[in-house]
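Each chain is listed here by its residues.
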Amino acid sequence: MLYIVATPIGNLEDMTFRAIRTLKEVDYIFAEDTRVTRKLLDHYEIKNTVYRYDEHTKQHQVANIINLLKEDKNIALVTDAGTPCISDPGYEVVDEAHKNNIKVVAIPGASALTASASIAGVNMRRFCFEGFLPKKKGRQTLLKQLAEEKERTIVIYESPFRIEKTLRDIETFMGKREVVIVREITKIYEEVLRGSTTELIEKLEKNPIKGEIVLLVEGQQKGGNKYVNDTD
């Protein structure tokens, strides 16, 4: 059986009882970075064999994992933080497992996407998740496409080193939008910054921020009102 196990995104106490038990009981654990996962396992006194599964090793590890599963081994897949297969490697082996009629079980837990959305104070009834934006090729094209979003909130993962540029690009290609920055979610310096793209650009120019970021961009139809750019 293949277990997709969510792990903490910062605070180690966000590990579920079920996740701990699963990681103790499986035959092998495959992790995005074995060093990061080993720290988590040591914290919970989990003694298990850990192998690497990331963008560089997945080409051959998918076949290895499927072969082990066919031998009735139980395997857990984890990433450095959060829920696997969300902007992280993993969907390929899940896809192959399904194709081979191997049961895949979700062990739910922390997710930066849902955790940030819950404290952002924006309408999340409908949203689209873009993960990390392209750094260069295709970036402008994607932002122009996203500019057509009228109602849905757009959720983006971003680095503190690129957040100012991203806000400027959003304003350039999507127009002035209301945005929310959630940084260091579940960690000591967790913070929520809200305002227009212009306001947050000015704020970050004076006080740069650190830490992993989830950026939420409200649609043009904010709060269910008429479209900001509606000319009908």
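Above: the structure in question.
Structure report, in brief. (Residues numbered from 1 in each chain as written. Predicted model: local features only at pLDDT ≥ 70, side-chain atom pairs only at ≥ 80, totals over all residues. Heavy atoms only, no water.)

When you line up the elements, Asn48 lands in the loop between helix H2 (34-43) and strand E3 (49-52). Given the relative accessible area of 13%, Asn48 is considered buried. Here the side chain of Asn48 touches Leu23 through a polar contact of 2.9 Å, landing on its backbone oxygen. In terms of polar contacts, Asn48 uses its side chain to reach the backbone carbonyl oxygen of Val26, at 2.9 Å. (Helix = DSSP H or I, 4+ residues; strand = E, 2+ residues; numbered from the N terminus. Buried < 20%, exposed > 50% of the residue type's maximum accessible area, 1.4 Å probe, protein only. Polar contact = N/O pair within 3.5 Å; in protein donor to acceptor, adjacent residues only side chain to side chain.)

Within the open sheet, the five strands sit side by side as E6-E7-E10-E8-E9. Their pairing is mixed. One side of each edge strand has no neighbouring strand; the edge strands of this open sheet are strand E6 (127-132) and strand E9 (191-196). Here the average twist between neighbouring strands, direction ignored, is 15°. Note: E6 against strand E7 (residues 153-158), five bridges, orientation parallel. Along E7, the bridge assignment pairs Phe127 with Thr153. (Pairing = 2+ DSSP bridges. Axes fitted to C-alpha atoms, helices over the stretch in contact; angles between N-to-C directions.)

Membership of the largest hydrophobic core comes to 22 residues, with the highest contact counts inside it found for Leu167, Met174, Ile181, Leu215 and Val217. Those elements giving two or more residues to this core turn out to be helix H6 (139-146), E7, helix H7 (163-174), strand E8 (178-183), helix H8 (197-206) and strand E10 (213-217). In terms of residues, this core owes the most to one element, H7, which gives four residues. If we ignore the near neighbours within four places in the chain, the residues touching Val217 are Arg152, Thr153, Ile154, Ile156, Ile170, Met174, Arg177, Glu178 and Val179. Counting 18 residues, the second largest nonpolar core, distinct from the first, contains Tyr3, Ala19, Ala31 and Ile46. (Core = buried A, V, L, I, M, F, W, Y, C linked by side-chain atoms within 4.5 Å. Contact = heavy atoms within 4.5 Å.)

Another point: the pairing of strand E4 (residues 75-78). Neither face of E4 is open: one carries Ile75 and Leu77, the other Ala76 and Val78, and all of them are buried. When strand E1 (residues 2-5) meets E4, the two strands line up parallel, connected through three bridges. In the sheet register, Leu2 faces E4, and the bridge partner there is Ile75. Both strand E2 (residues 28-31) and E4 contribute to a ladder of four bridges, which runs parallel. From the neighbouring strand, Ala31 faces E4, where its bridge partner is Val78.

To continue, consider the sheet that holds strand E5 (residues 104-107). Pairing is parallel in the open sheet, where five strands are placed in the order E3-E2-E4-E1-E5. Each edge of the open sheet is held by one strand with a lone partner, namely E3 and E5. When strand polarity is set aside, the average angle formed by the axes of neighbouring strands in this sheet is 25°. Taken strand by strand, helix H1 (residues 17-25) contacts E1, E2, E4 and E5, and its axis lies near 135° from that of E5. Taken strand by strand, helix H4 (residues 91-99) contacts E1, E4 and E5, and its axis lies near 150° from that of E1.

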